[in-house]
Amino acid sequence: MKKSLLGFVKISALAGLALLAVSCQSTHLYSWYNYQSDYYHYLKNGDEDSLDKLIKTYEKIIAKQTAERKIVPPGIYADYGYALLEKGKAKEAKAMFAKEIELYPESEPFISAILKRFEK
């Protein structure tokens, strides 16, 4: 009886460790690159250099999605469009907003509000 109980405990411990190892494995749905850092620096500094760096990060995120979903994360096209508006590139910005709505239709009310604000 002791041997079977000990065997059960060993198997349970191994199964628990295996489950823990699998659950700790990180799955990334999207590739973000330096987005968080670059966005923070842009918000902190608000200068042209940090905006240009952020725009390059947006372009990289859009061009190269290697994570599990293989599509641009929600909000990236909208953020990129907003950054382009800040640079005075309204035509390109509207194209990014349209892409955001195409991928994520639930963003349409938010995008419409942004466009109304800049059309004045």
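The rules we used
Residues numbered from 1 in each chain as written. Predicted model: local features only at pLDDT ≥ 70, side-chain atom pairs only at ≥ 80, totals over all residues. Heavy atoms only, no water. Buried < 20%, exposed > 50% of the residue type's maximum accessible area, 1.4 Å probe, protein only. Helix = DSSP H or I, 4+ residues; strand = E, 2+ residues; numbered from the N terminus. Core = buried A, V, L, I, M, F, W, Y, C linked by side-chain atoms within 4.5 Å. Contact = heavy atoms within 4.5 Å. Polar contact = N/O pair within 3.5 Å; in protein donor to acceptor, adjacent residues only side chain to side chain. Salt bridge = Lys/Arg side-chain N within 4 Å of Asp/Glu carboxyl O.

1. Let's talk about unusual backbone geometry
As a rule of thumb, non-glycine residues mostly have phi less than zero, and peptide bonds are mostly trans rather than cis.
1) Next: Not every positive phi belongs to a glycine, and Y33 is a case in point at roughly 55°.
2) Next: Among the residues examined, Y33 registers a relative accessible area of 31% and is labelled partly exposed.
3) Next: Phi at K70 takes a positive value of approximately 60°, unusual for a residue other than glycine.
4) Next: Within the element layout of this structure, K70 appears in the loop between α3 (48-63) and α4 (76-86).
5) Next: On the basis of relative accessible area, K70 is assigned to the exposed category, the value being 53%.

2. Some details on the nonpolar core
When a protein is soluble and globular, its nonpolar side chains tend to lie buried together.
1) Next: Core analysis: the largest hydrophobic core is formed by 20 residues, its most contacted members being Y35, Y58, I76, Y80 and F97.
2) Next: In terms of residue count, α4 provides more of this core than any other element does, seven residues in total.

3. Some points on the environment of K87
1) Next: In this structure, K87 sits in the loop between α4 and α5 (90-103).
2) Next: A residue is classified by how much of its surface remains accessible, and K87, at 31% relative accessible area, is partly exposed.
3) Next: C-alpha separation for the pair K87 and I55, spaced 32 residues apart in sequence, amounts to 10.0 Å.
4) Next: Discounting residues that sit within four places of it in the chain, K87 has contacts with E48, L51, D52 and I55.
5) Next: Side-chain polar atoms of K87 contact the side chain of E48, separated by 2.9 Å.
6) Next: Within polar-contact distance, the side chain of K87 engages the side chain of D52 at 2.7 Å.

4. Quick notes on the pattern of salt bridges
1) Next: As enumerated under the stated definition, the model contains three salt bridges in all.
2) Next: Among the ionic pairs, K53 bridges to D38, the shortest N-O distance being 3.9 Å. A residue pair is termed long-range when its members are at least 10 positions apart, and K53 in helix α3 and D38 in helix α2 (residues 35-45) qualify at 15 residues.
3) Next: In this structure D38 comes out as buried when scored by relative accessible area, which is 4%.

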